[in-house]
Amino acid sequence: MTMKCPQCQCDNKDQSKTCRKCGVNLQLPPLWQPSWRWHLRTLGIIYVIIIILFFVMKSLLKPYVRQLPPEVTPWLNGKTSSDAPHK
């Protein structure tokens, strides 16, 4: 397998450290590596956006949510089965 030089497009071996034609360093370190602070800040921003979107969507969709009758959900009204009338 060969690797092309980004400057002169000459074919070089994959293990080559420099180009055999122009001498350009082929093993440059990446330009940027994120730190743990960057990850924390990015995740914090994402979580804040998700929380804000949740409350915005909840308020926008509130008129379209139907209410369940209390007979279907007696536990929401604080009633227990012993409070219910017997047939």
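The residue numbering used here restarts from 1 in each chain and proceeds along that chain's sequence as written. This being a predicted model, a pLDDT of at least 70 is required before a residue's local features are given, and a value of 80 or more before pairs of side-chain atoms are given or counted; all residues contribute to the totals for chains, interfaces and linings. Hydrogens and water molecules were not included; the side-chain quantities draw on all heavy atoms of the structure.

Draft legend 1. Region of the structure containing the overall build of the protein. Only DSSP runs of H or I reaching four residues or more are called helices, and only runs of E reaching two or more are called strands; each is numbered from the N terminus. Within the protein, the regular secondary structure consists of 1 helix and 2 strands. In sequence order, the protein lays out its α and β elements as β-β-α. Under the scheme applied here, a residue whose accessible area is under 20% of the maximum for its type counts as buried, over 50% as exposed, and between as partly exposed, the area being computed with a 1.4 Å probe on protein chains only. Counting all 87 residues of the protein, 8% fall into the buried class. In the form shown here, the protein has an accessible surface area of approximately 8500 Å², with 64% of it arising from carbon and sulfur atoms. Each accessible area is a Shrake-Rupley result for a 1.4 Å probe, and residues are judged covered by the shown protein chains and nothing else.

Draft legend 2. Just the packing of aromatic side chains, in detail. Centre distance within 6.5 Å is the pairing criterion for rings of Phe, Tyr and Trp, where only the six-membered ring of Trp is used; planes under 30 degrees apart are then read as stacked, over 60 as edge-to-face, and the remainder as tilted. Under the defined criterion, the tally for this structure stands at 2 aromatic pairs. Here Trp32 and Trp38 contribute two aromatic rings whose centre-to-centre distance is 5.2 Å and whose plane-to-plane angle is 80°, an arrangement assigned as edge-to-face. Relative accessible area serves as the criterion here: at 53%, Trp32 is assigned to the exposed category. Between the aromatic rings of Phe54 and Phe55, the centroid separation amounts to 5.1 Å while the plane-to-plane angle is 75°, which identifies the pairing as edge-to-face. Classification of Phe55 as partly exposed rests on a relative accessible area of 49%.

Draft legend 3. Layout of the side chain of Asn12. Looking at the secondary structure, you find Asn12 in strand S2 (residues 11-13). Residue Asn12 is classed as buried on the basis of its relative accessible area of 2%. From its side chain, Asn12 meets the backbone oxygen of Cys10 in a polar contact 3.1 Å long. Think of a polar contact as two N or O atoms within 3.5 Å of one another; within protein, one of them needs to be a possible hydrogen donor and the other a possible acceptor, and neighboring residues in sequence only count if both atoms come from side chains. For Asn12, the side chain forms a polar contact with the main-chain nitrogen of Arg20, separated by 2.9 Å.

Draft legend 4. Molecular detail of unusual backbone geometry. The backbone of Gln9 shows a phi angle near 65°, a positive value even though the residue is not glycine. With respect to the helices and strands, the residue Gln9 is situated in the loop between strand S1 (2-4) and S2.

Draft legend 5. Fine view of the side chain of Ser16. Summarising the element assignment, Ser16 is placed in the loop between S2 and helix H1 (36-61). Since its relative accessible area comes to 18%, Ser16 is described here as buried. In terms of polar contacts, Ser16 uses its side chain to reach the backbone carbonyl oxygen of Lys13, at 3.1 Å.

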